[in-house]
Amino acid sequence: MSQNFRIAFRFLTAKKRAMVMSLSCIILGVGLFIVTQAATSGFQEFFIKVILGTNGAILIQDKLQATMRSIEVSGYNSGVEIRQKEGQKYIEGIEYPALLTAGVKSFHNVKGVSAVLRGTVVMRSSFREQSAQAYGIVIEDHLSVSDLASQIVQGSLEDFKVQEGGALIGRVIADKLQLDPGDSFEIENKGEIHHFKVSGIYQTGVGDIDSVRVYIQMDQARALFKKPTGATYLQVSLFDRNRALEDAAEMSTSLAHKADAWQEREKSWLGVFRAFRVATAITVSVFTLIAGLAMFNTLAMIVLEKTKEIAILRSMGYTRQDISRIFLWQAVIVLAIGSAIGCGIGALITYGISQYPLPITGIFTTHKFLVQWSKWHYLEAVVTAVLMVMAASLIPSRRAARLEPGDIIRGTAQ
Amino acid sequence: MANEPKIALRCDKLHRYLGQAEGRVHVLRGVSFEAQAGSVYAIVGPSGCGKSTLLYLLGLLDQPDGGEIWINGRLMSNSEDSVRTAARGEHIGFVFQFHFLMLEFTAMENVMMPMRKLGKLSPIQMEERATQLLDSVGLVDKRHRLGTHLSGGEQQRVAIARALANQPTIILADEPTGNLDVKNAAIVFDLLTSLAKDNGQAVVLVTHNPDIAHRCDFTRPMRDGLFV
Ligand SMILES: Nc1ncnc2c1ncn2[C@@H]1O[C@H](COP(=O)(O)OP(=O)(O)OP(=O)(O)O)[C@@H](O)[C@H]1O
Ligand SMILES: [Mg+2]
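As the structure is a computational prediction, the values presented were derived from the model and not from experiment.

Details of the interface of chain A and chain B
The interface is formed by 24 residues belonging to chain A together with 25 residues belonging to chain B. Where chain A abuts chain B, roughly 2400 Å² becomes buried across the two surfaces, and 60% of that area is made up of carbon and sulfur atoms. Looking at the side of chain A facing chain B, the largest losses of area belong to Arg10, Met316 and Arg410 of chain A, adding up to 26% of the total buried there. Here chain A is connected to chain B by 5 salt bridges. A salt bridge links Arg314 of chain A to Asp81 of chain B; its shortest N-O distance comes to 2.9 Å. Connecting chain A to chain B are 10 residue pairs in polar contact (both at pLDDT 80 or more). Among the secondary structure elements, those contributing two or more residues to the side of chain A that touches chain B are helix H1 (3-14), helix H13 (307-315), helix H14 (320-354) and helix H16 (405-410) of chain A.

Observations regarding the sheet that holds strand E10 (residues 226-227) of chain B
Residues and elements named next belong to chain B. Reading across from one edge, E6-E7-E8-E3-E9-E10 is the order of the 6 strands in this open sheet, with mixed pairing throughout. Where the open sheet ends on each side, the last strands, each with one partner, are strand E6 (92-95) and E10. Alignment of strand E3 (residues 40-44) against strand E9 (residues 218-223), held across 4 bridges, turns out to be parallel. When the bridges of E9 are listed, Val44 appears paired with Pro221.

Overview of the pattern of salt bridges
All names here are of chain A. Counted by the stated rule, this structure contains 24 salt bridges over all chains. The partner of Arg241 in a salt bridge is Glu45, and the shortest N-O contact between them spans 2.9 Å. Here Glu45 lies in helix H2 (residues 16-55) and Arg241 lies in the loop between strand E11 (233-238) and helix H10 (244-255), a separation of 196 residues in the sequence. On the basis of relative accessible area, Glu45 is assigned to the partly exposed category, the value being 23%. Of the charged contacts in the structure, one is a salt bridge between Glu186 and Arg124, with a shortest N-O distance of 3.2 Å.

A few points about the coordination of the magnesium ion (ligand 2)
Residues and elements named next belong to chain B. Each protein donor to the magnesium ion (ligand 2) is listed here as Ser52 (OG) and Gln97 (OE1); together their distances run 1.9 to 2.3 Å. Of this pair, Ser52 sits in helix H1 (residues 51-58) while Gln97 sits in the loop between E6 and helix H3 (107-118), and the two are 45 residues apart along the sequence. Residue classification places Ser52 among the buried residues on the basis of a relative accessible area of 17%. Take Gln97: its relative accessible area is 22%, and that puts it in the partly exposed class.

Calculation criteria
- Residues numbered from 1 in each chain as written.
- Chains lettered and ligands numbered in written order.
- Predicted model: local features only at pLDDT ≥ 70, side-chain atom pairs only at ≥ 80, totals over all residues.
- Heavy atoms only, no water.
- Contact = heavy atoms within 4.5 Å.
- Buried area = accessible area lost by both parts, 1.4 Å probe.
- Salt bridge = Lys/Arg side-chain N within 4 Å of Asp/Glu carboxyl O.
- Polar contact = N/O pair within 3.5 Å; in protein donor to acceptor, adjacent residues only side chain to side chain.
- Helix = DSSP H or I, 4+ residues; strand = E, 2+ residues; numbered from the N terminus.
- Pairing = 2+ DSSP bridges.
- Buried < 20%, exposed > 50% of the residue type's maximum accessible area, 1.4 Å probe, protein only.
- Donors = N, O, S within 2.8 Å, 3.2 Å for Na, K, Ca; no water.

In structure tokens, the structure reads:
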């Protein structure tokens, strides 16, 4: 333990009020930083998790060749695209899903690929009917690109895997049609009726999904839509979700299909979250600035109160550098203790607000305030505190070092 | 001449102004002085004549506006701060008129403070030396008390022990016995003179006490910024 540290420590503990004052600045700064980070990124993080868990990181859809012209029918998102090949014939969807899947899988960042055959149908229970979107999937593939497994709230996935004509239906559909696992229902496509059985009920929390999607086995979908080959789109999951934009762009060019990354698809919502984060970041910055000024003021006061001791130390051979180090050490000690307590309090408050009831439905479903637990928030908070304290302590400690012992003793130090 | 080994401290035609603008006072008006190793000097004179001001200059705590200061044959009056700081730590022991202790620290810690900076002794040796110094000023029993829990005279004696900590060649003491009773004043004075005699240290003290001034090897009366 260095002598300068020893002196700094004693100075600090002897001046309880100044210490408490500067400690609280840091504790508040660090704590607030952590809490706002956790709170603002909580919703965004959850939203992204929901997007990735339902629609995957990248969607690869059919794309028109330069020599083709396409007409989309049955409205947006129908997946039924009619295209005309130089006046020859119309082809819809992805023509060769297996081939395309192999191409997609050659990308290193790709974790899983699932071909989906989709169509608009009418769903009918003994109670009532509604229109729905039937998604034909190969369950093993689809589990690798979605969180479907963890979204099952009733019934079982195993059942869906083995039961001929099994289906996974959304929570909202189940309520509306009053269907429970084991119940039978009908799907009608172009006047033809097929029979299915509820294997499980899933809930993503996204209203638009839970109220319209019904997952059925791929071969059932092929029979239903009379499509022995092809697919509507490929859903792709990635190891590193942040590279989705780059990967999608590369896939578009190399595979000659339209590839959409999740950031592009959910641009508007992500923009809302960003605005939310920027607004809180501004608030926190203002607070950090105020805390920094308070810290500066306290440290400057400590120096003023310690001029006599500075003169004594200088008279005994302590250098200017020793003096500035003694005051920097004080800042460092306060910083270390304040950061530790601030992180603790930040975590505690984060936990507290995560228990705060806040029901949200629509873009996702939650019952409580959402927070994100990330070590990076704590690291960022501490780094911010270090920068703040460095800025706040540099001037006072340099001032302390510049004081002339003779001036202090005569009482004429400024 | 500057290398004359017997002269520990020498100053020549020192000038010092204090205050600013209209309040500017010519406090020291060309003071010359010499202190030989092994001798005790008393600077006497009326209040306000400039004794403390001179001592600060000699202790390298302040810089003269004119004149020269040699410490152990080295010209120091206007040398760099780092050189002056090192000289203060190694060669000079200073006792302030208003006994400055670091009140957050114990008597022992105060005495060890210059030793720790110089770093020539091991921690155990430092403690031994500090204990011995405090014993010599009659405070060994109170060595673990905080500065705040010591009387004015006790604080002053700790400050004297602290000035002696690094065995400086020059001891500058500004009224070291000012707050002390006759018995303790005698103890402190005897300690300082014995150091001069036994270790060959140069002792310069400011005093208002005629008895003490009389017992010094040399007495230098001062008036209005000059020795008379
Ligand atoms: N900052 C200052 N500005 C102007 N004049 C000053 C200042 N400090 C001290 N003086 C003056 O300098 C003169 C010398 O002061 P100094 O402290 O050296 O006196 P002294 O001889 O030590 O007196 P004492 O015996 O009372 O301690 C005094 O007349 C004092 O008024
Ligand atoms: Mg004086």
